[in-house]
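# A structural walkthrough
These are the residues of each chain, in order.
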Amino acid sequence: MLRFLLSLLVFISLTASELKETYVKTDETSLFCRFGGKGSPIIVIHGGPGLTQDYLLPYMAKLADNHEVVFYNQRGCGESTGEISSSSINVANFMKDLEAVQNAFGFKKATIIGHSWGGFLAMKYAITHPERIDKLVLITSMAHSSDSYKLVDASWNRNMAPYINELNAISDTIAFKEGDPDTHIRYYQIIFATYFHNPQDVSKLQLSMSSSAFLNAKEEQRLFKQEVREPGYDLSDDLKKLNLPTLIIHGSSDITPPSVAEEMHRLIPQSTYVLLKDCGHFPYIEKPAEFFNTISPFINDV
């Protein structure tokens with residue numbers, strides 16, 4: 001009963017948070033942002049590559065209860081503009097875009113929260129601009145190195161093995177190739193159901209995007225695989241030098257094995273590591289009370 005009441009309180013708080021909308025312009029793109037709340041600033045980086053902030057909402061809007069929070073769509077994602085090419089969609093530009101968002105809202109320093117692929121971008125931003133960050137939060141983050149990502153690949157292949165024929169059949173349809181939203185949502189739901197400890201919770205995940213956004217997402221995934229994963233990467237040495245309070249939240253059933261998150265914790269000197277049991281890739285959905293009871297004291301502490 002207590003767990004139900006805590007979850008209900010989280011839900012009530014979320015529905016009370018109203019976010020405004022705006023665009024932040026960079027030299028060549030317009031980044032769609034939702035923002036709201038008052039207090040110390042937070043910028044939230046969504047996962048993907050190619051998804052949008054929508055899948056974080058409404059749940060993560062609870063952060064606006066005590067903070068000024070900004071969610072933004074990465075370039076080429078959802079309502080954000082940006083040429084879908086290697087000259088535009090690359091990590092260097094994503095760093096510039098994040099800095100542009102921070103400048104546009106007048107945040108000299110901010111807490112940076114990254115989920116999944118957004119965790120990789122958050123780590124890169126912390127390495128590039130540590131002076132602009134108050135605190136760093138990594139939620140079921142992408143692996144910090146190619147060697148660690150091999151464990152994720154192996155986990156992904158095991159999880160998808162029962163569904164690979166179904167996924168291939170969907171991706172071969174004309175509807176999928178033309179970006180039909182319902183077809184793409186069905187495709188992503190099959191994949192993301194395996195990311196949850198309880199697969200039926202995938203129904204709580206907001207995956208709605210336009211046809212062009214789904215097609216862009218597919219191409220962004222290809223471009224980042226080409227830039228980051230295929231050449232290989234390793235943030236280990238840079239993470240050892242970070243001098244930032246860092247919170248690492250991971251799920252025991254996540255697609256990324258907990259050992260990867262534990263290694264990040266060992267690398268980052270001022271890090272705190274919390275493993276949520278019976279929880280997968282989306283802890284703000286699966287374990288909302290435990291998640292916010294973990295993150296709130298960290299980001300509220302001065």
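Presented here is a report on the structure given in the accompanying data block. Fair warning: this is a prediction, and the values are worked out from it, not measured in the lab.

### Some thoughts on the overall build of the protein
Scanning the protein from N- to C-terminus turns up 12 helices and eight strands. A compact globule built from 302 residues should have a C-alpha radius of gyration of about 19 Å, and the protein, at 18 Å, falls within 12% of that. Along the three orthogonal principal directions, the C-alpha set of the protein runs to about 55 × 50 × 40 Å. Burial analysis of the protein (302 residues in total) assigns 56% to the buried set. For the protein, the accessible area works out to roughly 13,400 Å², and carbon and sulfur atoms hold 51% of it. If the 27 positive side-chain charges of the protein are averaged to one point and the 35 negative ones to another, these points end up 3 Å apart.

### Concerning empty space enclosed by the protein
Overall, the coordinates contain one cavity of 30 Å³ or more when judged by the stated rule. Approximately 40 Å³ is the volume found for the largest cavity. In terms of lining, the largest cavity is formed by Leu51, Thr52, Asp54, Tyr55, Gln206, Leu207, Ser208 and Met209. When its residues are assigned to classes, the lining of the largest cavity shows four nonpolar, three polar and one charged.

### Brief notes about the packing of aromatic side chains
For the structure shown, the criterion picks out 19 aromatic pairs. The ring of Phe298 carries the charged tip of Lys135 above its face, separated from the ring centre by 5.4 Å.

### Observations concerning the packing of helix 5 (residues 164–171) against helix 7 (residues 181–193)
Running from N to C, helix 5 and helix 7 cross one another at 165 degrees; their axes reach a closest spacing of 10 Å. One way to sum up the angle between helix 5 and helix 7 is to call them roughly antiparallel. In terms of crossing hand, the pair formed by helix 5 and helix 7 is left-handed. Residue-level inspection shows Glu166, Leu167, Ile170 and Ser171 of helix 5 in contact with helix 7, the latter providing Thr183, Arg186, Tyr187, Ile190 and Ile191. Looking at the contact of helix 5 with helix 7 residue by residue, the classes come out as five nonpolar, two polar and two charged.

### Some words on unusual backbone geometry
Of the consecutive residues Gly48 and Pro49, the connecting peptide bond is found in the cis state with omega at -5 degrees. Looking at the element boundaries, Pro49 is found in the loop between strand 3 (41–45) and strand 4 (68–72). Backbone geometry places Ser116, a non-glycine residue, at a positive phi of 60 degrees. With respect to the element layout, Ser116 can be found in the loop between strand 5 (110–115) and helix 3 (117–128). A positive phi is found at Asp278, a non-glycine position, where the angle reads about 55 degrees. Take Asp278: it is sitting in the loop between strand 8 (271–276) and helix 11 (283–286). Classification of Asp278 as partly exposed rests on a relative accessible area of 44%.

### Things to note about the environment of Asn93
Summarising the element assignment, Asn93 is placed in helix 2 (residues 91–104). Overall, Asn93 belongs to the buried group, its relative accessible area being 9%. Taking the C-alpha atoms as reference, Asn93 lies 30 Å from Ser259; in sequence the two are 166 residues apart. Dropping the residues within four chain positions of it, Asn93 is found in contact with Glu28, Arg75, Ser87 and Ser88.

### Concerning the nonpolar core
Within the largest apolar cluster, 49 residues are counted, with the highest numbers of intra-cluster contacts made by Met60, Phe192 and Tyr284. Here the element with the most residues in this core is helix 7; it accounts for seven residues. Leaving out residues up to four positions away in the same chain, Phe192 has contacts with Leu51, Val202, Leu205, Leu207 and Phe282. Listed in part, the 48 residues of the second largest apolar core include Met95, Trp117, Ile133 and Ile248.

### Things to note about the pattern of salt bridges
Pairing between side chains of opposite charge can happen when their charged atoms approach one another. In the structure shown here, the tally under the stated rule is 12 salt bridges. Here Arg34 makes a salt bridge to Glu21, at a shortest N to O gap of 3.7 Å. Placement of the pair is Arg34 in strand 2 (residues 30–36) and Glu21 in strand 1 (residues 20–25), with a sequence separation of 13 residues. You can call Glu21 exposed: its relative accessible area is 53%. Where Asp201 meets Lys204, a salt bridge forms, and the shortest distance between an N and an O atom there is 3.4 Å. Relative accessible area serves as the criterion here: at 40%, Lys204 is assigned to the partly exposed category.

### A word on the environment of Cys33
Looking at the element boundaries, Cys33 is found in strand 2. Taking the relative accessible area as the measure of exposure, Cys33 reaches 0% and is therefore buried. Spatially, the C-alpha atom of Cys33 lies 28 Å from that of Phe176, the residues being 143 residues apart in sequence.

### Thoughts on the side chain of Asn93
Looking at Asn93, its side chain comes within polar contact range of the main-chain oxygen of Ser87, at 3.3 Å. Of the polar contacts made by the side chain of Asn93, one reaches the backbone oxygen of Ser88; its length is 2.8 Å.

Definitions and cut-offs
- Residues numbered from 1 in each chain as written.
- Predicted model: local features only at pLDDT ≥ 70, side-chain atom pairs only at ≥ 80, totals over all residues.
- Heavy atoms only, no water.
- Helix = DSSP H or I, 4+ residues; strand = E, 2+ residues; numbered from the N terminus.
- Rg over C-alpha atoms; globule rule 2.2 N^0.38 Å.
- Buried < 20%, exposed > 50% of the residue type's maximum accessible area, 1.4 Å probe, protein only.
- Areas by Shrake-Rupley, 256 points an atom, 1.4 Å probe, with all protein chains shown as cover.
- Lys, Arg positive; Asp, Glu negative; His and termini not counted.
- Charge placed at Lys NZ, Arg CZ, Asp CG, Glu CD.
- 1 Å grid on protein atoms, 1.4 Å probe; cavity = no way out; pocket = protein on both sides within 12 Å on 5 of 7 lines; lining within 4 Å.
- Points joined across faces, edges and corners; volume = space filled by probe spheres on them.
- Nonpolar A, V, L, I, M, F, W, Y, C, P; charged D, E, K, R; others polar.
- Phe/Tyr/Trp six-rings, centres within 6.5 Å; stacked < 30°, edge-to-face > 60°.
- Lys NZ or Arg CZ within 6 Å of the ring centre and 35° of its normal.
- Axes fitted to C-alpha atoms, helices over the stretch in contact; angles between N-to-C directions.
- Parallel < 35°, antiparallel > 145°, perpendicular 65-115°, else oblique.
- Left-handed = near helix turned anticlockwise from the far one by under 90°.
- Contact = heavy atoms within 4.5 Å.
- Core = buried A, V, L, I, M, F, W, Y, C linked by side-chain atoms within 4.5 Å.
- Salt bridge = Lys/Arg side-chain N within 4 Å of Asp/Glu carboxyl O.
- Polar contact = N/O pair within 3.5 Å; in protein donor to acceptor, adjacent residues only side chain to side chain.

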